[in-house]
Amino acid sequence: ESTMGMLFPADAGPLDEGAYGIDIFYTEDGYIEDDDAEDMDYDELLEQMQADIQAGNEERVAAGYESMELVNWASPPYYDAANKRLHWAKELYFEGADANSLNYNVLCLGRKGYLTMNAIGGMEDLEKVSAGLSGFLNSVSYQEGHRYADFDPSVDEVAAYGIGALIAGKVLAKTGILAGIG
């Protein structure tokens, strides 16, 4: 994964105080099956993610970073099945910070992977980010042959994880931590 680019509000730049930015990147891990989206228990998933973050704090601090806490969903997960887009936002607290942070994700699923738009800012940016993404998402689409609907099971690979793992983090899915969440 590497950044394809970043977006900032028209009235703010990357160095402006209080500005949020949207990191854009593409992950080609295969076709993401979305059949688990309707059955996900997002409250249970949140609890597991909170526990996982708490468990990683010792290692995080040893590496020279602040400990962190997943406070809650800033916006609960929502899967737009018609447009094959997964939305969710987390409210995070970093040790020593004056205010909580916002991490707002929208993933657009395609035939061979997904495009991520990850907005990072303060919790006060939630409404602005949500409104800005709504307009921006209308311009995001895959070309014919790369759309989710273009998946061909005879030649395309399927990712080893589904919707829940995208929200929690695919590394967790690969290590089996998400087994049984549903």
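Check the entry above for the structure.
Small disclaimer: the values here were computed from a predicted structure and weren't measured. (Residues numbered from 1 in each chain as written. Predicted model: local features only at pLDDT ≥ 70, side-chain atom pairs only at ≥ 80, totals over all residues. Heavy atoms only, no water.)

Chemist: Please clarify how the layout of surface pockets should be interpreted in this entry.
Modeler: Counted as a void, the second largest pocket has a volume near 220 Å³. Lining the second largest pocket are A82, N83, K84, R85, C108, L109, V140, S141, Y142, R147, Y148 and A149. When its residues are assigned to classes, the lining of the second largest pocket shows seven nonpolar, two polar and three charged. (1 Å grid on protein atoms, 1.4 Å probe; cavity = no way out; pocket = protein on both sides within 12 Å on 5 of 7 lines; lining within 4 Å. Points joined across faces, edges and corners; volume = space filled by probe spheres on them. Nonpolar A, V, L, I, M, F, W, Y, C, P; charged D, E, K, R; others polar.)

Chemist: Just checking my understanding: could you explain the pattern of salt bridges for this structure?
Modeler: Two side chains with opposite charge may pair up if their charged atoms get near one another. In the structure shown here, the tally under the stated rule is four salt bridges. Taking the shortest distance from any N to any O, the salt bridge between D156 and R111 comes out at 2.6 Å. With a gap of 45 residues between them, D156 in the loop between α2 (126–137) and α3 (163–168) and R111 in the loop between β5 (101–109) and β6 (114–122) connect regions that are remote in the sequence. You can call R111 buried: its relative accessible area is 17%. Across the salt bridge formed by D150 and R147, the nearest N and O atoms sit 2.9 Å from each other. (Salt bridge = Lys/Arg side-chain N within 4 Å of Asp/Glu carboxyl O. Helix = DSSP H or I, 4+ residues; strand = E, 2+ residues; numbered from the N terminus. Buried < 20%, exposed > 50% of the residue type's maximum accessible area, 1.4 Å probe, protein only.)

Chemist: I keep staring at the packing of aromatic side chains and nothing clicks. Help me out?
Modeler: Within a pair of aromatic rings, the relevant descriptors are the distance that separates the centres and the angle that separates the planes. By the definition in use, this model includes two aromatic pairs. Here Y31 and Y148 contribute two aromatic rings whose centre-to-centre distance is 4.5 Å and whose plane-to-plane angle is 25 degrees, an arrangement assigned as stacked. Here Y148 lies in the loop between α2 and α3 and Y31 lies in the loop between β2 (21–27) and α1 (42–62), a separation of 117 residues in the sequence. Both residues of the pair, Y31 and Y148, belong to the buried class. (Phe/Tyr/Trp six-rings, centres within 6.5 Å; stacked < 30°, edge-to-face > 60°.)

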